[in-house]
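Per-entry structural report
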Amino acid sequence: MQQDTDLEKRLKTKVRLVLKINYYSSVLSLIFAALCYFLLHITEVIPYAFLIFGILNLFNTLLYKYHKNLALTYNIVSMMTLAGASVVTLYSGGINSPFIFVLALIVVAGYVTTKAYGSLYLNLNLLIIILIYTQNVADFNFVENVVPKESENLFAFLSVLFSIYLLGGVFGKNLLHAHHNLYKTKNELEEKIREKETLIKEVHHRVKNNLQTVSSLLSLQSRGITDKDVKGLLKSSQNRVITMAMVHEMLYMREDLSKIEYKSYVQELVEYLIRSIKGTSSNITLNIDIPNIKLNIDTAIPLGLLINETVTNALKYGIVDDNKGEINIKLRKEKEDYLILQLGDNGKGFSEDTNHKNSNSLGLKLIHNLTRQLQGSLMRDLSRQGTHYTIKFKEIRDQMSNVT
């Protein structure tokens, strides 16, 4: 919403700039037409070129109110200026005419509008200047200087004044004003972005603190329970809460508030699970192969929960007691933005017939549901020892839905 507002402001600034320059150039052209005819006694071509340009440009500027097409308005005035300035230049001395510098204004105006227009009018101006020079040095001059000899110096003086005033007093002044407004808008936008980032960081920090509070409550609750199964359920729930809290903590700690570096997250998460389930001195070898991949929060949390369930099952039921074991996690990118996650251990594994439908295991059901939430596919490799999953998915773009 804010971006749309800023685009509208920039468009309005550009519209005001173009229309102001059009009005000023039209009025100046009409004044110059009168000066040429009555003061300089130029009665051919030049005053009429100024008069026609001034009237047509006023009409062109007024038409903008109806069609609202700034590019059309600008290109019409640019073409008229090219034609008018070329005619005045040819009939006031050709390549030696002081009015030739007005052509440069069109190039400057073009680059202010867009880079493409600037390049177009630069090439057109260069071509026109070459043609003017060619006809000056060639033997077949088809135009003549219509400025009277006694008025040449005054015409040159007025032409220079016209160019300088249009460039500095009109174009430069309004461009500077537009630039100042854009700079002010940019600073205001950056300040709002900084405020928003601070608020988002605070939200992540508070969510992390709340999740840690829930984790602490589960831990306290489990201390008063003697039933091993219930105690295990509370511990599993605590680990799931911590898995989510880690994502918010990483987003709070880093500059990029939209994505987290997934390798460091997985490393921290799995090392915590190993310590939590097997203790500080375990015989578990952890192999993580994840490139420099960053994932957004809508993908990071369900994927983190999926890894949590898989690794927890491996540590509890696959690699039993203090036996040696390996946990392998590999994440890679494929074509069409697909991500492939391979999770595996060398533990006991479980029966080929066991799945989320016929098992009471909450972990298996969560693995299936989290894969569905990632809009991915889940395959189990039964040819290897232990439990091995391959999950193929794409990064989620929409808001994360609930696990059901």
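Just above, that's the structure.
Residues numbered from 1 in each chain as written. Predicted model: local features only at pLDDT ≥ 70, side-chain atom pairs only at ≥ 80, totals over all residues. Heavy atoms only, no water.

**A look at the pattern of salt bridges**
Opposite charge on two side chains allows them to pair when their charged atoms are near. As a reminder, the rule being used: The rule for a salt bridge is simple: a side-chain nitrogen of Lys or Arg has to be within 4 Å of a carboxyl oxygen of Asp or Glu. Only protein chains enter the area calculation, which uses a 1.4 Å probe; residues under 20% of their type maximum are buried, those over 50% are exposed, and those in between are partly exposed.
Applying the stated criterion across every chain, the model contains three salt bridges. Residues Arg 332 and Glu 334 are paired through a salt bridge, measuring 3.4 Å at the closest nitrogen-oxygen approach. Accessibility expressed as a relative area gives 36% for Glu 334, which makes it partly exposed.

**Description of the packing of aromatic side chains**
Counted only if it meets this: Stacked, tilted and edge-to-face are the three classes applied to pairs of Phe, Tyr and Trp rings, where Trp contributes its six-membered ring and a pair requires centres within 6.5 Å; stacked means planes under 30 degrees apart, edge-to-face means over 60, and tilted covers the rest. Helix numbers and strand numbers start at the N terminus; a helix is a DSSP run of H or I with at least 4 residues, a strand a run of E with at least 2.
Inspection of every chain in the model, using the stated rule, returns seven aromatic pairs. Considering the side-chain rings of Phe 32 and Phe 99, the 6.2 Å spacing of their centres and the 55° angle between planes classify their relative orientation as tilted. One end of the pair, Phe 32, is in helix H1 (residues 2–39); the other, Phe 99, is in the loop between helix H3 (70–90) and helix H4 (102–113), with 67 residues separating them in the sequence. Each of the two residues, Phe 32 as well as Phe 99, counts as buried.

**Examining the pairing of strand S7 (residues 388–394)**
Here is the rule: Strand pairing is defined by DSSP finding a minimum of two bridges between the two strands.
Pairing between strand S5 (residues 338–345) and S7: seven bridges, direction antiparallel. Note that in S7 the partner of Gly 344 across the bridge is His 388. Relative to S7, strand S6 (residues 377–380) runs antiparallel, the two sharing four bridges. Among the inter-strand pairings, Met 379 is bridged to a residue of S7, identified as Thr 390.

**Notes on helix H9 (residues 297–318)**
To keep things clear, this is the line we draw: Given the number of residues in a helix, its expected span is that number minus one, multiplied by 1.5 Å. As used in this structure description, the phrase polar contact means that two N or O atoms lie within 3.5 Å; if the pair is within protein, one of them must be able to donate a hydrogen and the other to accept it, and residues adjacent in sequence are counted only when both atoms belong to side chains.
For H9, built from 22 residues, the straight-helix expectation of 32 Å at 1.5 Å per residue is met to within 8% by its first-to-last C-alpha distance of 30 Å. In terms of residue burial, H9 counts as a mostly covered element, since 19 of its 22 residues are buried. With a side-chain oxygen positioned 3.2 Å from the backbone nitrogen of Asp 298, the residue opening H9 is Asn 296.

**Let's talk about the side chain of Thr 312**
Applicable threshold: By definition in these notes, contact holds between two residues if any of their heavy atoms fall within 4.5 Å.
Along the chain, Thr 312 turns up in helix H9. Overall, Thr 312 belongs to the buried group, its relative accessible area being 6%. The residues contacting Thr 312, other than those within four sequence positions of it, are Leu 273 and Ile 277.

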